[in-house]
Amino acid sequence: MPQEESTVVKCKIYRPEDVDNIWERQGFKKGEIEERVKAVVMLRGETLPNSYKMIVEAIYEFPKKDKAAQLGLVNRHGLITRVHYASPFKGTLQPGDVILQVNNTNVSFDDRAAVAEDKTGSLQSKVKAPEKKSGEKWEFPNYFEITCTTFRKDRPASLSSGYPDFKSVVSKVMSSKTESKVTITVARLKNRVGTFKCPAGIVATPGYQMDMALVYQYKYLKLGLNMQQTGPKVVVNYTVPDTVTHISLNIGEAILAVDEHSVSNLEEVRQRILDGCNTNGWVRLIVEYPNTDPIRNLVRGQLATASKATDRPPYYMCGDVRKYCDEGIEALKNGKELESVLKEAETKESDRKELEKKKSAREANKKDTLVEFRKTTEEVGIPSEWNSKLFVVLPPLKTKETEMGTDTSQMKK
């Protein structure tokens, strides 16, 4: 049975454990869903295991008032490339999902732009690398991107050509007075595998937890990975939002192996990922992340040290600022009081009375206040898009009662 998640948008996730082939569903032709996924994900070589496939249904019930005019989903040929921050599906749908249905209606996408882009008829990977100067060796950067530039010329005709267009279906649903909800059905590739066979020679570091991350090569999503070398490990420094690694990797994770090959430096990680994407269109990464707060703080410090520039660039002050700084230093030496640089504008008596009148009116009517602070705090979970393994639990604030030992609110029963 599908699992339901308690969120603002109801979400049903159909996992491969439920049926033999999760992508063979009623209402679709045989092999149609897999064909639609392969149209935007560059899967080739090794067959993708069935356990990596999922179907997700996101159900958004319209509020009685202030119905949203748009869904806030950006897609290219059915592949979600961005979920707007104000979208009701934020945190439920994600970049990399392939849209299949809207309210149980199969939808299609305009492929004319795709045909126009197919100029060379080949499948290419584009990698950003520094220019090589004469007499120098290349040093691979710690940030690189993999993006597809063209379509396959021999791609078979789309199986969804007879379905209504996605935009027209969504427009009818959003403008309808009888529809009470909108359901988006997508095909999703699994990004994490909790149980896996660890390659020989890979041993978890004490205080760390190991996991397997899956990185796929999408046609319209960049890799967006920034790594740093911290001692013998390659650690994820940050990932660019709305990219492949933003949904697969987390800040603070150390990459130990790529496709069962152990790696220990930036060049190895880069080359192994490129080789895996060029061969299969996806790679397996064995990663480890700290599971205690002291080690999280240690990793954060290592990343900060590795990212720090060796030479501080010169910062020049403009003339007026330098003048006041010189005067201030001189005044401190001589013990003199500086003249304030803030000049109060002269205000007429009538203007002053008008300002006081408005101020007193605001104080009398506190309902006009736009911002109010809650008297109590509420703990919430960390959003999934804050992809970091370095969050720590902060200790409670120190007060007179806690320091004197009279506060029992923090004591467990």
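With an unreviewed UniProt entry as reference, the protein chain is termed PDZ domain-containing protein, source organism Caenorhabditis remanei.

Asks: Lay out the overall build of the protein chain in plain terms, naming residues and giving numbers.
Replies: When you go through the protein chain residue by residue, the secondary structure sums to eight helices and 18 strands. Here the protein chain holds 413 residues, and the buried ones make up 36% of them. Accessible surface, the protein chain as shown: approximately 27,100 Å² in total, 52% of it carbon and sulfur.

Asks: Just give me the short version of unusual backbone geometry, but keep the residues and values in it.
Replies: If you check the backbone angles, Asn-103 has positive phi at about 50 degrees while not being a glycine. With respect to the secondary-structure elements, Asn-103 resides in the loop between strand E6 (98-102) and strand E7 (105-106). In this model, Asp-242 sits at a positive phi of 60 degrees, which is unusual for a non-glycine residue. By the element assignment, Asp-242 lies in the loop between strand E15 (233-239) and strand E16 (254-258).

Asks: Describe in detail helix H4 (residues 266-279), supporting the description with residues and values.
Replies: Taking 1.5 Å per residue as the helical rise, H4 with its 14 residues ought to reach 20 Å, and the 20 Å between its terminal C-alpha atoms agrees with that figure. Of the residues making up H4, those classed as buried are Leu-266, Val-269, Arg-270, Ile-273, Leu-274, Gly-276 and Cys-277. Down the axis, H4 shows its buried residues gathered within 165 degrees of arc, on one side only. By the N-cap criterion, in which a side-chain oxygen at the helix start approaches the backbone nitrogen of a residue two or three places on, H4 is capped by Asn-265, the distance to Glu-267 being 3.2 Å.

Asks: Talk me through the environment of Ile-247; I want residue IDs and the actual numbers.
Replies: Along the chain, Ile-247 falls in the loop between E15 and E16. Spatially, the C-alpha atom of Ile-247 lies 8.5 Å from that of Gly-96, the residues being 151 residues apart in sequence. Not counting chain neighbours up to four residues away, the residues in contact with Ile-247 comprise Pro-95 and Asn-191.

Asks: Help me get a handle on the packing of aromatic side chains, residues and values and all.
Replies: Enumeration according to the criterion identifies five aromatic pairs in this entry. Centroid distance Tyr-60 to Phe-62: 5.7 Å. Interplanar angle 90 degrees. Geometry classified as edge-to-face. Like Phe-62, Tyr-60 is buried. An angle of 70 degrees between the planes, with centres 6.3 Å apart, marks the rings of Tyr-216 and Tyr-218 as edge-to-face. In terms of burial, Tyr-216 and Tyr-218 fall into one category: buried. Taken together, the aromatic side chains of Tyr-60, Phe-62 and Phe-89 make up a single cluster linked through ring pairs. Its end group placed over the ring of Tyr-14, Arg-25 keeps NZ or CZ at 5.1 Å from the ring centre. Just above the ring of Tyr-289 sits the side chain of Lys-389; from NZ or CZ to the centre is 4.2 Å.

Asks: So, the pairing of strand E5 (residues 79-83): which residues are in play, and what are the values?
Replies: Burial runs high along E5: four of the five residues are buried. A loop of two residues connects strand E4 (residues 73-76) with E5, the two strands running antiparallel in sequence, and His-77 in this loop sits at a positive phi of about 55 degrees.

Asks: Explain helix H5 (residues 293-307) to me, using residue names and the numbers behind them.
Replies: Between the first and last C-alpha of H5 there are 21 Å, a value that for 15 residues agrees with the 21 Å anticipated at 1.5 Å per step. For H5, the set of buried residues is Ile-295, Arg-296, Val-299 and Leu-303. Buried residues along H5 cover an arc of 105 degrees about the axis, so they all sit on one side. Away from its buried face by more than 90 degrees, H5 exposes Pro-294 and Thr-305. Next to the buried residues of H5 lie strand E13 (208-216), strand E14 (225-230), E15 and strand E18 (282-290).

Asks: Report on the side chain of Asp-211, specifying residues and quantitative values.
Replies: By the element assignment, Asp-211 lies in strand E13. Within the structure, Asp-211 has its side chain in polar contact with the side chain of Arg-192 (distance 3.2 Å). Those residues in contact with Asp-211 that sit more than four places away from it in its chain are Arg-192, Val-193, Gly-194, Phe-196, Leu-285, Ile-286, Val-287 and Tyr-289.

Asks: Could you give an account of the pattern of salt bridges, with specific residues and numbers?
Replies: Applying the stated criterion across every chain yields a total of twelve salt bridges. With its nearest N and O atoms 3.8 Å apart, the salt bridge here joins Arg-36 to Glu-32. Highlighted residues: Arg-36 and Glu-32, both in helix H1 (residues 32-38), separated by four residues, approximately one helical turn. For the salt bridge of Arg-296 with Asp-293, the shortest nitrogen-to-oxygen distance reads 2.5 Å. Placement of both Arg-296 and Asp-293 in helix H5 is noted, with a separation of three residues, approximately one turn of the helix. We classify Asp-293 as partly exposed; its relative accessible area is 23%. Linked by salt bridges that have partners in common, Glu-34, Lys-38 and Lys-53 make up one network.

Asks: Describe the confidence of the model for the protein chain, with residues and values.
Replies: Here the protein chain averages 77 in pLDDT, while 70% of its residues score no lower than 70. Per-element mean pLDDT across the protein chain ranges from 36 in strand E8 (residues 125-127) up to 95 in E6. Within the model, pLDDT remains below 50 along residues 113-157, and this stretch shows 86 contacts once partners closer than five positions in the same chain are excluded.

Rules used throughout
- Residues numbered from 1 in each chain as written.
- Predicted model: local features only at pLDDT ≥ 70, side-chain atom pairs only at ≥ 80, totals over all residues.
- Heavy atoms only, no water.
- Helix = DSSP H or I, 4+ residues; strand = E, 2+ residues; numbered from the N terminus.
- Buried < 20%, exposed > 50% of the residue type's maximum accessible area, 1.4 Å probe, protein only.
- Areas by Shrake-Rupley, 256 points an atom, 1.4 Å probe, with all protein chains shown as cover.
- Expected span 1.5 Å × (residues − 1).
- Arc of directions from axis to C-beta.
- Polar contact = N/O pair within 3.5 Å; in protein donor to acceptor, adjacent residues only side chain to side chain.
- Contact = heavy atoms within 4.5 Å.
- Phe/Tyr/Trp six-rings, centres within 6.5 Å; stacked < 30°, edge-to-face > 60°.
- Lys NZ or Arg CZ within 6 Å of the ring centre and 35° of its normal.
- Pairing = 2+ DSSP bridges.
- Salt bridge = Lys/Arg side-chain N within 4 Å of Asp/Glu carboxyl O.
- pLDDT = per-residue confidence, 0-100.

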